[in-house]
Amino acid sequence: MLGACLILSSARGALLFYEPFNYTNGPLVTVSAGLWTTHSGTTGQLDVISGRADLRVPETEDVNTLVPGQPYSSSTSTTLYASFTINVTNLPNAAGQYFAHFKGASTSNFRAKVFVLTSGAGANAFRVGLANSANAPVVTNAVDLNLNTDYRVYLKFV
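Remember, predicted model here, so these are calculated numbers, not experimental data.

> Please set out the overall build of the chain residue by residue, giving values where relevant.
Tallying secondary structure elements over the chain gives 1 helix and 14 strands in all. Its C-alpha atoms give the chain a radius of gyration of 16 Å, within 12% of the compact-globule value 15 Å for 158 residues. If one aligns the C-alpha atoms of the chain with their principal axes, the spans along those axes are about 45 × 35 × 25 Å. With 158 residues in all, the chain has 37% of them scored as buried.

Here's what the structure looks like:
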């Protein structure tokens with residue numbers, strides 16, 4: 001991850017959170033001085049390496065940071081946008097695994113899950129998929145993506 005931001009949109013947009021991700025190497029929850037916290041899995045497994053979040057299977061740590069102004073109720077017309085850069089170095093399995101999401105108040109209330117998967121992709125390629133709360137992507141991009149390449153992901157959640 002090279003940097004991430006979160007924008008809130010209703011009648012007009014406002015930048016809610018910007019994360020330059022300029023941490024030293026080490027466990028994210030430690031090197032971020034508490035900005036990021038563990039909400040499930042084994043604390044300390046998600047490392048920062050050379051300015052990137054290093055996510056590896058079978059490590060299990062899920063982290064989050066609170067977005068200012070939350071909670072955002074489903075009964076409002078609030079739209080959240082997020083963007084971040086991914087670089088996949090090893091092919092995921094066919095079904096994929098989600099690696100980013102919006103988190104609600106509980107540790108199991110995940111929305112707008114972003115997956116990487118190989119189902120439907122050509123040899124040595126992967127695709128990005130999305131789901132609201134399902135544990136498998138319900139929609140997938142139709143473009144094969146290459147390993148070891150930076151891709152900017154833009155996410156909209158209503």
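> For the nonpolar core, give the residues involved together with the corresponding values.
Core analysis: the largest hydrophobic core is formed by 17 residues, its most contacted members being Phe84, Ile86, Phe102, Val114, Phe126, Val128 and Leu155. Every element with two or more residues in this core is listed here: strand E8 (79-86), strand E9 (97-103), strand E10 (110-117), strand E11 (125-131) and strand E14 (151-157). Per-element tally for this core: the top contributor is E8, with 4 residues. Discounting chain neighbours no more than four positions away, the residues touching Val128 are Ile86, Val114, Phe115, Leu117, Val139, Thr140, Asn141 and Leu145. Judged by nonpolar contacts, the second largest core, of 9 residues, contains Leu28, Val29, Trp36 and Val63.

Criteria and cut-off values
Residues numbered from 1 in each chain as written. Predicted model: local features only at pLDDT ≥ 70, side-chain atom pairs only at ≥ 80, totals over all residues. Heavy atoms only, no water. Helix = DSSP H or I, 4+ residues; strand = E, 2+ residues; numbered from the N terminus. Rg over C-alpha atoms; globule rule 2.2 N^0.38 Å. Buried < 20%, exposed > 50% of the residue type's maximum accessible area, 1.4 Å probe, protein only. Core = buried A, V, L, I, M, F, W, Y, C linked by side-chain atoms within 4.5 Å. Contact = heavy atoms within 4.5 Å.

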